[in-house]
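Close look at the chain arrangement
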Amino acid sequence: MDSLQTLNLQGNAFSLLRPMTFANCTNLQTLYLDNNAISVIEPGAFIGLNSLSVLNISNNVIPNLENGTFNGLENLRRLNLSNLGIQTITPEAFRGLKKTVFLDLSMNRISKIKANTFKDLPQLRTLSLFSSGIKEIEGDAFSGQQHLLLLELRNNTISKLKKNTFNTLISLSFLNLSSCSIEEVEPDAFLWIRRFIIA
């Protein structure tokens, strides 16, 4: 299947992605896996997809993003992980995604964004986390995100913005914290942000 560039597998009944599932689709650029019943993505499932640029896995049921989930996707640009019921993101879950510029994690159940969660996404420009059940953002949660331009955090329950929450976001131009039930903002929570819009 060397000539295949787009594969649409939306709306089927997949529950598991095994290693090397797409190994023969070496020139695939766009892959739609949304609206299935996927609950587990085994490490190595995307090995062979060296040309993939767009991956949509939204609207499945994947509570945990494990280490090595996205191995083999070194050229991926856009990743949609919205509405998966994600509760935990392991420290190396995004390892290898060095060219990803867009990440959608909205409508999940991530109660805490831990420090260095996005450290393996150095080229990220847009990060959407709206309506994801977030209650706490640790200091340095966005460490390594010097190129991030847009951060969407609306409709969460973040009662307190901690010191250094956004301290590495030197390129940020849009930050949405509306409807987040914020009660306290610690000094220097917005340190090093050169310009931002709270919408």
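Heads up: the structure comes first, above all this text.
Below or above, wherever it landed, is the structure these notes cover. Since the structure is predicted, the reported quantities are computational estimates derived from the model, not experimental observations.

Looking at the environment of Ala-45
Of note, Ala-45 is situated in the loop between β4 (40-41) and β5 (54-56). For Ala-45, a relative accessible area of 0% corresponds to the buried category. Separated by 31 residues in sequence, Ala-45 and Leu-76 place their C-alpha atoms 14 Å apart. For Ala-45, the residues in contact, after removing those within four places along its chain, are Leu-17, Arg-18, Pro-19, Met-20, Thr-21 and Phe-22.

Considerations on the pattern of salt bridges
Scanning the entire structure with this criterion turns up seven salt bridges. Put simply, Arg-154 and Glu-152 hold a salt bridge, and the shortest N to O gap is 2.8 Å. Two residues, Lys-160 and Glu-186, come together in a salt bridge whose shortest N-O distance is 3.0 Å. With Lys-160 in strand β14 (residues 160-161) and Glu-186 in the segment after β16 (184-185), this residue pair connects regions lying 26 residues apart in the sequence. Each of Lys-112, Glu-136, Glu-138 and Lys-162 takes part in a single network of salt bridges with overlapping partners.

A few points about the layout of surface pockets
In this structure, the largest pocket occupies an estimated 210 Å³ of space. Contributing to the lining of the largest pocket are 13 residues, with Ile-89, Thr-90, Lys-112, Lys-114 and Thr-117 lying nearest its centre. Secondary structure elements with two or more residues in the lining of the largest pocket: β8 (88-89) and β10 (112-113). Residue composition of the lining of the largest pocket, by class: five nonpolar, five polar and three charged.

Quick look at unusual backbone geometry
If you check the backbone angles, Asn-59 has positive phi at about 60 degrees while not being a glycine. Positionally, Asn-59 belongs in the loop between β5 and β6 (64-65).

Thresholds applied
- Residues numbered from 1 in each chain as written.
- Predicted model: local features only at pLDDT ≥ 70, side-chain atom pairs only at ≥ 80, totals over all residues.
- Heavy atoms only, no water.
- Helix = DSSP H or I, 4+ residues; strand = E, 2+ residues; numbered from the N terminus.
- Buried < 20%, exposed > 50% of the residue type's maximum accessible area, 1.4 Å probe, protein only.
- Contact = heavy atoms within 4.5 Å.
- Salt bridge = Lys/Arg side-chain N within 4 Å of Asp/Glu carboxyl O.
- 1 Å grid on protein atoms, 1.4 Å probe; cavity = no way out; pocket = protein on both sides within 12 Å on 5 of 7 lines; lining within 4 Å.
- Points joined across faces, edges and corners; volume = space filled by probe spheres on them.
- Nonpolar A, V, L, I, M, F, W, Y, C, P; charged D, E, K, R; others polar.

Take it as geometry only, folks, not as evidence of what the structure does.
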